[in-house]
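Read off the chains here:
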Amino acid sequence: MEKKIYCVGIDDDAVVAKVNAAVAAVAGVSDVTANADKAQVLVHFDESVAGIEDAINAAIDACGVMVL
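Our subject in this report is the structure included herewith. (Residues numbered from 1 in each chain as written. Predicted model: local features only at pLDDT ≥ 70, side-chain atom pairs only at ≥ 80, totals over all residues. Heavy atoms only, no water.)

## Structural notes on the packing of helix H1 (residues 13-24) against helix H2 (residues 52-61)
It is at 9 Å that the axes of H1 and H2 come closest, and there the two elements cross at 150 degrees. Classified by the interaxial angle, the pair formed by H1 and H2 is roughly antiparallel. Viewed along their axes, H1 and H2 form a crossing whose handedness is right-handed. Contact residues: H1 offers Val19, Ala22 and Val23, while H2 offers Ile56, Ala59 and Ile60. Each residue belonging to the contact of H1 with H2 can be placed in one class, and the counts come to six nonpolar, no polar and no charged. (Axes fitted to C-alpha atoms, helices over the stretch in contact; angles between N-to-C directions. Helix = DSSP H or I, 4+ residues; strand = E, 2+ residues; numbered from the N terminus. Parallel < 35°, antiparallel > 145°, perpendicular 65-115°, else oblique. Left-handed = near helix turned anticlockwise from the far one by under 90°. Contact = heavy atoms within 4.5 Å. Nonpolar A, V, L, I, M, F, W, Y, C, P; charged D, E, K, R; others polar.)

## Topic: the pairing of strand S1 (residues 2-8)
As a general feature of sheets, a regular strand has side chains that alternate between the two faces. With five bridges joining them, S1 and strand S3 (residues 40-45) adopt antiparallel strand pairing. From the neighbouring strand, Glu2 faces S3, where its bridge partner is His44. As defined by bridge partners, S1 adjoins strand S4 (residues 66-67) across two bridges and the pair is classed as antiparallel. In the sheet register, Cys7 faces S4, and the bridge partner there is Val67. (Pairing = 2+ DSSP bridges.)

## Here's the deal with H1
For H1, which comprises 12 residues, the first-to-last C-alpha distance of 16 Å matches the rise-based estimate of 16 Å (1.5 Å per residue) to within 8%. Within the sequence span of H1, burial applies to Val15, Val16, Val19 and Val23. On an axial view of H1, the arc spanned by its buried residues comes to 105 degrees, and they lie on one face. Along H1, exposed side chains directed more than 90 degrees from the buried face belong to Asp13 and Ala14. At its buried positions, H1 is contacted by strand S2 (29-35), S3 and H2. With a side-chain oxygen lying 3.1 Å from the backbone nitrogen of Ala14, the N-terminal cap of H1 falls on Asp12. (Expected span 1.5 Å × (residues − 1). Buried < 20%, exposed > 50% of the residue type's maximum accessible area, 1.4 Å probe, protein only. Arc of directions from axis to C-beta. Polar contact = N/O pair within 3.5 Å; in protein donor to acceptor, adjacent residues only side chain to side chain.)

Listed below in structure tokens is the structure:
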């Protein structure tokens, strides 16, 4: 499944890299691209993994970025 997650706080390349690494570490995520210009994170993941969307949001929040 592909999902766009809109966020506040993706301000620069360092935050982009941090979000990409955190979300990529979530089990079931196959691809992630954070974009500071669009204030969004595009994630491809296996929706059959229980609780994966909450885990992705938690990984983003842990980087100091607020999920809208």
